[in-house]
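Structural overview for review
The chain contents come next:
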Amino acid sequence: MADPSGLLGAAGASPVSATRLQPSPPPAAPTEPWGPQMAGGGNSSQAPQLFLTSALARGVSGVFVWAALVLTCHQIYLHLRAYTVPSEQRYIVRLLLVVPVYAFDSWLSLLLLGSRQHHVYLDSLRDCYEAFVIYSFLSLCFQYLGGESAIMAEIRGKPIQSSCLYSTCCLRGTAYSIGFLRFCKQATLQFCVVKPVMALVTIVLQAVGKYHDGDFNVHSGYLYVTLVYNASVSLALYALLLFYAATRELLRPFRPVLKFLTIKAVIFLSFWQGVLLAILERCGAIREGQAADGSRVGAGALAAGYQNFAICVEMLLASVALRHAFPCRVYAQKDSSPGPPAPMQSISSGLRETMSPQDIVSDAIHNFSPAYQHYTQQATHEAAPGALPGAGAGGRRSRSIEKRMLIPLEDP
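Residues numbered from 1 in each chain as written. Predicted model: local features only at pLDDT ≥ 70, side-chain atom pairs only at ≥ 80, totals over all residues. Heavy atoms only, no water.

The condition is simple: UniProt positions are given in the numbering used here, feature names are shortened, and annotations may be inferred rather than shown by experiment.
Going by an unreviewed UniProt entry, the chain carries the name Transmembrane protein 184A and comes from Pipistrellus kuhlii. UniProt, in its Subcellular location (unreviewed entry) section for the chain, records the words "Membrane".

This is the structure in structure tokens:
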């Protein structure tokens, strides 16, 4: 009797165990972690983990940034220590500072990449330096050639050669005149005004929610800011190209090609790189992702993040190119004083002089003044009163004396 009861117990237990297993299928267990992921960041295919917010991306970009900073800051220090030709080295230091400004700003934007678009404010401040760089490069070329009147003495009256390479096809049959130099200066100076204004407009639109990176919608401010900025920077770089085409033979001893290509690559190629990433984001090639802290990063912010990461890497290459384009040994050889190197006080004062925007303001007033047609500028340099050989940095430094020579607008 024990055996049948045992069999009956076993037979009776099996239906009960079967009925207990059926209502709780095994696939129900993985649904618990899937639910919070959907609620926190959406579908995993739509919000993948971002490489840009990982420690590897921040570490790699940081190595490139700090390497570029060390190389560039050392070169700036060498120029300021041998500050023998302030009229030229002032602009050279400004051009070299584009690497620290771009690299550190882009790295900081990358570190702050997240749901809040902090990069818009940082990138706007960074881009304002572009105008400073373009103006400084043109002014440096003017200083190389001795000023406006010296340039006009060389090129005035010569016919403009029609060339597709230099975009002078539309200037066939015309000759170089004072108005040509005025256009080159005005085209660069307008960018010094337009860019800060557009940066301020971008910050205001971002604050009111009307600006989104990569949004080419007619109701978004990004479209109009991009169009205005593209027209302004293209006009400024076109003026640089025209000036180089007119004076390339005069500038040949100063190796202008490497200087021009380096500056143009930093400014122009970085801009079009950002536009390309914005187009890719618009086409759906770049999708929103999820940061390491779980916050969602929009596709526009992600495209800007790739732009900042690329700039961090490219600035190391730019620092190497600028080191060869603007060597300081030429100016160090002009330092004939046998005394010790310039003290840190003189180096800091030289740095403050290079960053003063006073020359931009005076140049803008001069070039946009109606009286411009009656004269041109010629920059000469005289030794400062009391400057004696071997008097240290103060004795070596000269002050710029601006003279204006009256000449007629056109030849009679």
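Re helix 14 (residues 358-367)
What counts, and what does not: In this scheme, a residue with accessible area under 20% of its type's maximum is buried, one over 50% is exposed, and one in between is partly exposed, where area comes from a 1.4 Å probe on protein chains only. The way it works is that DSSP assigns letters per residue, a run of H or I at least four long becomes a helix, a run of E at least two long becomes a strand, and they are numbered from the N terminus. It is the directions from the helix axis to the C-beta atoms whose arc is reported.
Three or more residues of helix 14 are buried, namely D359, I360, D363, H366 and N367. Buried residues of helix 14, seen end-on, are gathered within an arc of 130° and therefore sit on one face of the element. In helix 14, the exposed positions that point more than 90 degrees away from the buried face belong to Q358 and I365.

Quick look at helix 7 (residues 148-155)
Taken as a whole, helix 7 has its buried residues at E148, S149, I151, M152 and I155. The buried side chains of helix 7 occupy one side of the element, clustering within an arc of 160° when seen end-on.

Observations regarding the packing of helix 3 (residues 55-81) against helix 4 (residues 86-96)
Geometry of a packed helix pair, given as the angle between the helix axes and the separation of the axes. Here is the rule we go by: Here the axes come from fitting lines to C-alpha atoms, over the contacting stretch only for helices, and the angles between their N-to-C directions go from 0 to 180 degrees. An angle below 35 degrees is read as roughly parallel, one above 145 as roughly antiparallel, one from 65 to 115 as roughly perpendicular, and any other as oblique. Every residue pair with non-hydrogen atoms within 4.5 Å of one another is taken to be in contact. The classification used treats Ala, Val, Leu, Ile, Met, Phe, Trp, Tyr, Cys and Pro as nonpolar, Asp, Glu, Lys and Arg as charged, and all other residues, Gly among them, as polar.
Running from amino to carboxyl end, helix 3 crosses helix 4 at an angle of 170°, the nearest separation of the two axes being 10 Å. Accordingly, the angle class assigned to the pair helix 3 and helix 4 is roughly antiparallel. Here T72, Q75, I76, H79 and L80 of helix 3 come into contact with helix 4, specifically with Q89, I92, V93 and L96. Of the residues assigned to the contact of helix 3 with helix 4, the class counts are five nonpolar, four polar and no charged.

A few points about a nonpolar patch on the surface
Rules: What makes a patch is a set of residues exposed beyond 30% relative accessible area and free of salt bridges, joined within 9 Å when like-charged and within 5 Å when nonpolar (Val, Leu, Ile, Met, Phe, Trp, Tyr). Areas reported here follow the Shrake-Rupley algorithm with a probe of radius 1.4 Å; residue values treat only the protein chains shown as occluding. Criterion for a salt bridge: a side-chain nitrogen of Lys or Arg within 4 Å of a carboxyl oxygen of Asp or Glu.
A surface patch of nonpolar side chains, about 370 Å² in accessible area, is lined by W66, F104, L108 and L112. For W66, the location among the structural elements is in helix 3. Residue classification places W66 among the partly exposed residues on the basis of a relative accessible area of 45%.

Quick notes on the nonpolar core
We count it as follows: In these notes, a set of buried Ala, Val, Leu, Ile, Met, Phe, Trp, Tyr and Cys residues joined through side-chain atoms within 4.5 Å is what counts as a nonpolar core.
The biggest cluster of nonpolar side chains holds 74 residues, and the ones touching the most others in it are F243, M315 and F326. For this core, the element with the most residues is helix 6 (residues 118-144), which contributes twelve residues. Beyond its immediate stretch of four places on either side in the chain, F326 contacts Q75, H79, I92, L95, L96, L140, Y144 and K259. Of all hydrophobic cores here, the second largest spans twelve residues; its members include L110, L113, L302 and A303.

Considering the side chain of E130
Rules: Only four residue types enter the charge count: Lys and Arg as positive, Asp and Glu as negative, with His and the chain ends excluded.
By secondary structure assignment, the location of E130 is in helix 6. Buried within the structure, E130 lacks any salt-bridge partner; its nearest side chain of opposite charge belongs to K195, at an N-O separation of 5.2 Å. In this structure, E130 is in contact with Y102, F191, Y229 and I267, ignoring residues within four places of it in sequence.

Description of the layout of surface pockets
The probe, sized like a water molecule, is rolled over the atoms to show the empty space still left. The criterion, for reference: Each cavity reported here is a set of points on a 1 Å grid over the protein atoms alone in which a 1.4 Å probe fits but cannot get out, each pocket an open set with protein on both sides within 12 Å along at least five of seven lines, and each lining residue one with an atom within 4 Å of a point. Grid points are joined across faces, edges and corners, and a volume is the space filled by probe spheres set on the points.
One number sums up the size of the second largest pocket: a volume of about 300 Å³. Together, 16 residues line the second largest pocket, and Q161, Y176, A245, A246 and R248 are the ones closest to its centre. When residues of the lining of the second largest pocket are traced back to their parent elements, those giving at least two are helix 7 and helix 9 (221-247). If one sorts the elements of the lining of the second largest pocket by residue count, helix 9 sits on top with three residues. By residue class, the composition of the lining of the second largest pocket is eight nonpolar, four polar and four charged.

Topic: the packing of helix 3 against helix 11 (residues 299-325)
Worth spelling out the cut-off: Each crossing gets its handedness from the near helix: less than a right angle anticlockwise from the far helix is left-handed, clockwise is right-handed.
Contact geometry of helix 3 with helix 11 gives a least axis separation of 8 Å together with a crossing angle of 25°. Judged by the inter-axis angle, helix 3 sits roughly parallel to helix 11. For the pair helix 3 and helix 11, the sense of crossing is left-handed. Two secondary-structure elements touch here, helix 3 through A57, V60, S61, F64, V65, A67, A68, L71, T72, H74, Q75 and L78 and helix 11 through F309, C312, V313, M315, L316, S319, V320, L322 and R323. Here the residues of the contact of helix 3 with helix 11 sort into 15 nonpolar, five polar and one charged.

Concerning the pattern of salt bridges
With the rule as written, the count across this model stands at two salt bridges. With its nearest N and O atoms 3.6 Å apart, the salt bridge here joins E148 to K185. Taken together, the positions of E148 in helix 7 and K185 in helix 8 (residues 178-207) put the pair 37 residues apart, joining distant regions of the chain. K185 carries the same exposure label as E148, and that label is buried. For E249, the salt bridge goes to R252, with nearest N and O atoms at 2.8 Å. Residue E249 is classed as exposed on the basis of its relative accessible area, which comes to 52%. The exposure class assigned to R252 is exposed, which follows from its relative accessible area of 53%.

Here's the deal with the side chain of S109
Relative to the assigned elements, S109 resides in helix 5 (residues 98-111). Apart from residues no more than four positions distant in its own chain, S109 is found in contact with H119, L122, D123 and N308.

Things to note about the packing of aromatic side chains
Convention followed: Aromatic pairs are defined between Phe, Tyr and Trp rings, using the six-membered ring for Trp, whenever the two ring centres lie within 6.5 Å; interplanar angles under 30 degrees are classed as stacked, those over 60 as edge-to-face, and all others as tilted.
For the structure on display, the rule yields ten aromatic pairs. Ring centres of Y144 and F254 lie 4.4 Å apart, and the angle between their planes is 10°; this geometry places the pair in the stacked category. Placement of Y144 in helix 6 and of F254 in the loop between helix 9 and helix 10 (256-282) is noted, with a sequence separation of 110 residues between them. Both rings, one in Y244 and one in F260, keep their centres 5.8 Å apart while their planes meet at 10°; by these two values the pair is stacked. Taken together, the positions of Y244 in helix 9 and F260 in helix 10 put the pair 16 residues apart, joining distant regions of the chain. Linked through ring pairs, F137, Y244 and F260 together constitute an aromatic cluster.

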